[in-house]
Structures are given as C-alpha cells and as structure tokens.
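Fold and geometry: a report
Residues per chain, in single letters:
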Amino acid sequence: MNNIKYLIHVAILYIIQLTILDNIQLHSYIYINIYILAILTLPYNYKKTTVLLLGFLFGLIVDLANNTMGIHAAATTFIAYLRPRLLLMISNRDQIDDIQGAQKVSSFSWFFKYTLLLTTAFNIVLIMAEAFTFTNWGITLLRIICSTLASCFFIMLYYFIALKKKQD
C-alpha cells in the first residue's frame, strides 16, 4: 500500500472513530477504538522513532478531539513502542521481511493474534490511565476485556472489508 492509500485509510479510520464510535455509549464498559489500526498497519521498515512519533500523533489527535488529556497519546505511544518487539516475537525473519504493513499479511490467525495483543496492551494503558485507581479492579478488568474484544471485532471487520479486499 503506498503512502497516499495509507493516508486515505487513516483519514477514514479517524472519521469513523471521531464521528461514530466516540458517540456510542455502552454503559462506560466498552470503548471501541478502531483508529489504532493505523499503527498496526504501518510498514515494518519504518524507523522506530518515526513509528513512536506517529503513534503519539495519532493518539494526540483523538485526545484533542475528545478532550481526554493525553491518555490516548500515552496508549498509542506504548503500542507503537511494543509493535516492533511483538513483530519479532510472533514472526519469523521471512515473514518480517515480507511485511509491508499488515495489509499484506495472508494469515488470519497471525493478524488476529497480533491485533489482539496490541489492542489488549492499548486498552490496559488507556483504561488504567483513565481509572487511575486499583480500588475497583474487577470493573476495570471487565472494561479492559470488553473494550479489547469490541475493538478487535471492529478492527478485523474494517481490515477485511476495506484493506484485505483491495489486495486480492
């Protein structure tokens, strides 16, 4: 995927996130964050500092739109930091050399595992930063699990409708 197509998909993700998903109220237990797919589908050959800066910028945009004081920026920067390490852990060298953004991945199970792990890390940081307490850990854990499952569902849905269809 070239840079123009990538930017179009990032714009579409942000339009969906900021106009639709941020306005869905599900008892404050579920946060659907589809915009993190922009970080997941970055090409592997980007420098680590570029990925970190893009992760921070992607989160900052949502923070400015939602007035959330940096918790999205912290969470997206964290997954941008974890991303290259996770790719090395769950992929072999041949798979990494072939990755030009996750949209080139042919294995559903690999992409689902990759998405699930980074979405879980994102939601742990986001929800723990929002709650900023350990007193109601049961509710916080429930929010992390529900938000992770909902976000993964919508990320996979967008991925297979908008991105995967284009490569076939």
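Now for a look at the structure at hand. No experiment lies behind these values; they were computed from the predicted model shown.

**Observations regarding the overall build of the chain**
A count of helices and strands for the chain gives seven helices and zero strands. When the elements of the chain are put in sequence order from the N terminus, they spell out α-α-α-α-α-α-α. Counting across all 168 residues of the chain, residues that qualify as buried make up 42%. In the chain, once contacts between residues fewer than 6 apart in sequence are set aside, the share between residues at least 24 apart is 72%.

**What to know about the packing of aromatic side chains**
Ring pairs (aromatic) are described by centroid distance and by the angle formed between their planes. Within this structure, the stated rule accounts for ten aromatic pairs. When the ring of Tyr35 is compared with that of Phe122, the centres are 6.0 Å apart and the planes differ by 85°; the resulting orientation is edge-to-face. With a gap of 87 residues between them, Tyr35 in the loop between helix H1 (3-19) and helix H2 (37-40) and Phe122 in helix H6 (residues 108-131) connect regions that are remote in the sequence. The buried category is assigned to Phe122, whose relative accessible area is 0%. On the basis of an interplanar angle of 85° and a centroid distance of 4.8 Å, the ring pair of Tyr159 and Phe160 is categorised as edge-to-face. Judged by relative accessible area, which is 1%, Tyr159 ranks as buried. For Phe160, a relative accessible area of 32% corresponds to the partly exposed category.

**Some details on the packing of helix H4 (residues 71-90) against H6**
Running from amino to carboxyl end, H4 crosses H6 at an angle of 150°, the nearest separation of the two axes being 9 Å. Here H4 is positioned roughly antiparallel relative to H6, judged by the angle of their axes. The chirality of how H4 crosses H6 is right-handed. Residue-level inspection shows Ile71, His72, Ala74, Ala75, Thr76, Phe78, Ile79, Leu82, Arg83, Leu86, Leu87 and Ile90 of H4 in contact with H6, the latter providing Trp110, Lys113, Tyr114, Leu117, Leu118, Ala121, Phe122, Val125, Leu126, Ala129 and Glu130. In the contact of H4 with H6, the residues fall into 18 nonpolar, two polar and three charged.

Scoring rules and cut-offs
Residues numbered from 1 in each chain as written. Predicted model: local features only at pLDDT ≥ 70, side-chain atom pairs only at ≥ 80, totals over all residues. Heavy atoms only, no water. Helix = DSSP H or I, 4+ residues; strand = E, 2+ residues; numbered from the N terminus. Buried < 20%, exposed > 50% of the residue type's maximum accessible area, 1.4 Å probe, protein only. Contact = heavy atoms within 4.5 Å. Phe/Tyr/Trp six-rings, centres within 6.5 Å; stacked < 30°, edge-to-face > 60°. Axes fitted to C-alpha atoms, helices over the stretch in contact; angles between N-to-C directions. Parallel < 35°, antiparallel > 145°, perpendicular 65-115°, else oblique. Left-handed = near helix turned anticlockwise from the far one by under 90°. Nonpolar A, V, L, I, M, F, W, Y, C, P; charged D, E, K, R; others polar.

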